[in-house]
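As a plain string of letters, each chain reads:
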Amino acid sequence: MFNEVDWNAVWQATGETIYMVGISTFFTALFGIPLGILLVVTDRGQIWENTWLQKVAAVIVNFFRAVPFIVLVLFLFPVAEFLVGTSLGPTAATIPLIAGAAPFYARIVETALREVDKGVVEAALAMGTTRFRVVTKVLLPEATPALVSGLTVTCVTLISFSAMAGVVGGGGLGDAAYRFGFQSFNDGMLYVCGLLLVVMVQLIQWIGDTLSRRLDKR
Amino acid sequence: MIELKGIGKVFPARRSSEAVRALENVNLKIGAGEIFGVIGRSGAGKSTLLRLVNGLESPTEGSVQVDGREISRLSEAELRAERQKIGMIFQHFNLLWSRTVWQNVAFPLEVAGKSKADIRKKVDYLLERVGLSERADAYPAQLSGGQKQRVGIARALANDPKVLLCDEATSALDPETTSSILQLLKEINEEMGITLLLITHEMDVVQEICHRMAVMEEGQVIETGEVEQLFHHPTHPLTRQFVHQVERAPAESPSGVRITCSSQSFPQVWGILQTAKNNGVTVNMLGGEVSEEDQITFVLDGAQEEMDRVLHSLEEYRLQGEVKSRV
Ligand SMILES: Nc1ncnc2c1ncn2[C@@H]1O[C@H](COP(=O)(O)OP(=O)(O)OP(=O)(O)O)[C@@H](O)[C@H]1O
Ligand SMILES: [Mg+2]
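In the nomenclature of an unreviewed UniProt entry, chain B corresponds to D-methionine transport system ATP-binding protein from the organism Melghirimyces thermohalophilus. In the Sequence similarities (unreviewed entry) part of its UniProt record, chain B is described as follows: "Belongs to the ABC transporter superfamily."

Under an unreviewed UniProt entry, chain A has the name D-methionine transport system permease protein and belongs to Melghirimyces thermohalophilus. For chain A, the Subcellular location (unreviewed entry) comment in UniProt is given as "Cell membrane". Under the heading Sequence similarities (unreviewed entry), UniProt records this for chain A: "Belongs to the binding-protein-dependent transport system permease family. CysTW subfamily."

Right under this line is the structure:
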């Protein structure tokens, strides 16, 4: 069965998946963290209370979270053409991936920041800390273990999303499993690609858990 | 140093709750270098009062002045600068658990924009002062409650404040740890001349370190005065109740052992005390009557070994729970 596996195609697809997931995890964190902060600090009784802004942000986040990922993919590939100059391949796939995952991660960030002891924020304010530094020196450091484990979950989700996006034209392991495996009746190819995805998920989960545990000083 | 004039504070109604009048016509004047205690039941408005002093809360009426500056009129930047000169410690310590002890104490210095060298010198000094130099690299999660509060105190003192606010700073600690923390606060007050405003619901705390005190009930200050004065002549019933919490040992026995027992176990305890008396221990029954809580308190004074023997006998009779504290 495995002699039919096209290893060159497999390694290329693996590279594409790592590329897609890597880039989109990075941008998911880049957009998700500020968005999560915004959701918390503008809420009632928080340091930058602005309930109007909070509601707008919440609606946007909920909208993106409610739209099924596959719909995001179909809608956003054309947008990718506009943003990155192509609507095919792994780079184009990162656009819907980020759009799908950033709001998801923003909610995780929000929860993590809300878990930070209010008393510690109060102590920081009582010491004359600016609100900006309350965010950078108190909220974020105190929530770091939760932010890391949340990013792990998001990254794992991105791996499965990337397999889906791949099928629609993004490339990567999902695409390889579908085209060279399923459609070509090549079971070996199907299993190898599937297995590699599982290994990737396990690896990410293990790294994330270890890191989060190390950071947690509670 | 701190002056509150005609303070009123109303928390506005929210969808789920009615408006709360937390403070009403509060007037207080606290001098520089004084240790001032505010005592009151839960919900009396003590925390709200304290938080007015560093502007964490603003009054709906009246004025709050610290060192001659009207807190509510300061701009945001001025208020931050002022807060660096007003330290605060908390019942639940409120340390950053992601930072080590050392880094926690460094926090306010970083906020104040001090140089690395200054920070190092100051943090080392403060940890030495509160007796935690060896635990500098520990995380708060690895400390006992008393140690955490010492870190809290070191942190509050970092920018050489003129005022230290203590919100139930010892309420989460056992009696012995409470005494050591209060002792530390007292020393700091004497060494640095810092003004202490502390709130509590425990009369022992007020008695142990405060010069003057105020009693609060339902958002109002119902009695103010010298601690000694209020102890001997409480006028308001609530003050009397608080004083009752701590029946004071007679002045002539500053050292000794205090024993509290219920009227039920009185005969056995009395027997033991008679033996002790015969061995030269002075036994005083406080107040000479059974108090409301059905408790009788004795204060013993005499040779250490005799008193140890008393404690030992009480233990043998399984009365160890009756021993309240060594005075
Ligand atoms: N942010 C707030 N919003 C609404 N009501 C509040 C707020 N903070 C305090 N209160 C109310 O004000 C009153 C006084 O509260 P405060 O916390 O000052 O009491 P306290 O004397 O410190 O009590 P405790 O001993 O329980 O700490 C209470 O009725 C409380 O419910
Ligand atoms: Mg309180």
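Visitor: Can you tell me about the overall build of chain B, naming the residues and giving the values?
Guide: Along chain B, the regular secondary structure elements total 11 helices and 14 strands. Dimensions of chain B, computed from the C-alpha atoms along their principal axes, are close to 70 × 45 × 40 Å. Buried residues in chain B amount to 49% of all 327 residues. Here chain B displays about 15500 Å² of accessible surface, and carbon together with sulfur accounts for 45% of that area. Taken as two groups, the 36 positive and 46 negative side-chain charges of chain B have centres that lie 8 Å from each other.

Visitor: Residues and numbers for the pattern of salt bridges, please.
Guide: All names here are of chain B. Following the criterion strictly, the structure yields 19 salt bridges over all chains and no others. The salt bridge partner of Asp 160 is Lys 122, with a shortest N-O separation of 2.7 Å. Of this pair, Asp 160 sits in the loop between helix 5 (145-157) and strand 7 (163-167) while Lys 122 sits in helix 4 (residues 116-129), placing them 38 residues apart in sequence. Residues Arg 129 and Glu 187 are paired through a salt bridge, measuring 2.8 Å at the closest nitrogen-oxygen approach.

Visitor: Please give an account of the domain arrangement of chain B that cites residues and values.
Guide: Each domain of chain B was delimited in the assignment, giving domain 1 (2-245) and domain 2 (257-326). Put simply, the middle of domain 1 of chain B and the middle of domain 2 of chain B, counted by C-alpha atoms, are 36 Å apart.

Visitor: Provide a residue-level description of the packing of helix 3 (residues 101-111) of chain B against helix 4 of chain B, including the pertinent values.
Guide: Residues and elements named next belong to chain B. Between helix 3 and helix 4, the shortest axis-to-axis distance is 9 Å and the interhelical angle comes to 125°. When the interaxial angle is binned, helix 3 and helix 4 end up oblique. Two packed elements cross with a definite hand, and for helix 3 against helix 4 that hand is right-handed. On helix 4, the residues that touch Val 101, Trp 102, Val 105, Ala 106, Leu 109 and Glu 110 of helix 3 are Ile 119, Arg 120, Lys 122, Val 123, Asp 124, Leu 126 and Leu 127. Of the residues in the contact of helix 3 with helix 4, the class split is nine nonpolar, no polar and four charged.

Visitor: Give a description of helix 9 (residues 237-245) of chain B that names residues and reports values.
Guide: All names here are of chain B. Of the residues making up helix 9, those classed as buried are Leu 238, Thr 239, Phe 242 and Val 243. End-on, the buried residues of helix 9 take up no more than an arc of 140°, which puts them together on one face. Residues of helix 9 that are buried sit in contact with strand 3 (35-40), helix 7 (203-209), strand 9 (212-217), strand 10 (220-226) and helix 8 (227-232).

Visitor: Pulling in residues and values, what's your account of the pairing of strand 1 (residues 2-11) of chain B?
Guide: Judged from the five bridges that link them, strand 1 of chain B and strand 4 (residues 61-66) of chain B form a sheet pairing that is antiparallel. The partner of Leu 4 of chain B across the bridge, within strand 4 of chain B, is Val 64 of chain B.

Visitor: I'd like a rundown of the site of ligand 1, residues and numbers included.
Guide: All names here are of chain B. In the vicinity of ligand 1, the contacting residues are Phe 11, Val 20, Ala 22, Arg 41, Ser 42, Gly 43, Ala 44, Gly 45, Lys 46, Ser 47, Thr 48 and Glu 168. Within the backbone of Gly 43, an N or O atom sits 2.7 Å from an oxygen atom of ligand 1. At 2.6 Å, a side-chain N or O of Thr 48 approaches an oxygen atom of ligand 1. For ligand 1, the protein covers 59% of the area, taking 630 Å² as the surface of the free molecule.

What counts and what doesn't
- Residues numbered from 1 in each chain as written.
- Chains lettered and ligands numbered in written order.
- Predicted model: local features only at pLDDT ≥ 70, side-chain atom pairs only at ≥ 80, totals over all residues.
- Heavy atoms only, no water.
- UniProt positions renumbered as here; feature names shortened; annotations may be inferred.
- Helix = DSSP H or I, 4+ residues; strand = E, 2+ residues; numbered from the N terminus.
- Buried < 20%, exposed > 50% of the residue type's maximum accessible area, 1.4 Å probe, protein only.
- Areas by Shrake-Rupley, 256 points an atom, 1.4 Å probe, with all protein chains shown as cover.
- Lys, Arg positive; Asp, Glu negative; His and termini not counted.
- Charge placed at Lys NZ, Arg CZ, Asp CG, Glu CD.
- Salt bridge = Lys/Arg side-chain N within 4 Å of Asp/Glu carboxyl O.
- Domains from an automatic or database assignment.
- Axes fitted to C-alpha atoms, helices over the stretch in contact; angles between N-to-C directions.
- Parallel < 35°, antiparallel > 145°, perpendicular 65-115°, else oblique.
- Left-handed = near helix turned anticlockwise from the far one by under 90°.
- Contact = heavy atoms within 4.5 Å.
- Nonpolar A, V, L, I, M, F, W, Y, C, P; charged D, E, K, R; others polar.
- Arc of directions from axis to C-beta.
- Pairing = 2+ DSSP bridges.
- Near = heavy atom within 4 Å.
- Polar contact = N/O pair within 3.5 Å; in protein donor to acceptor, adjacent residues only side chain to side chain.

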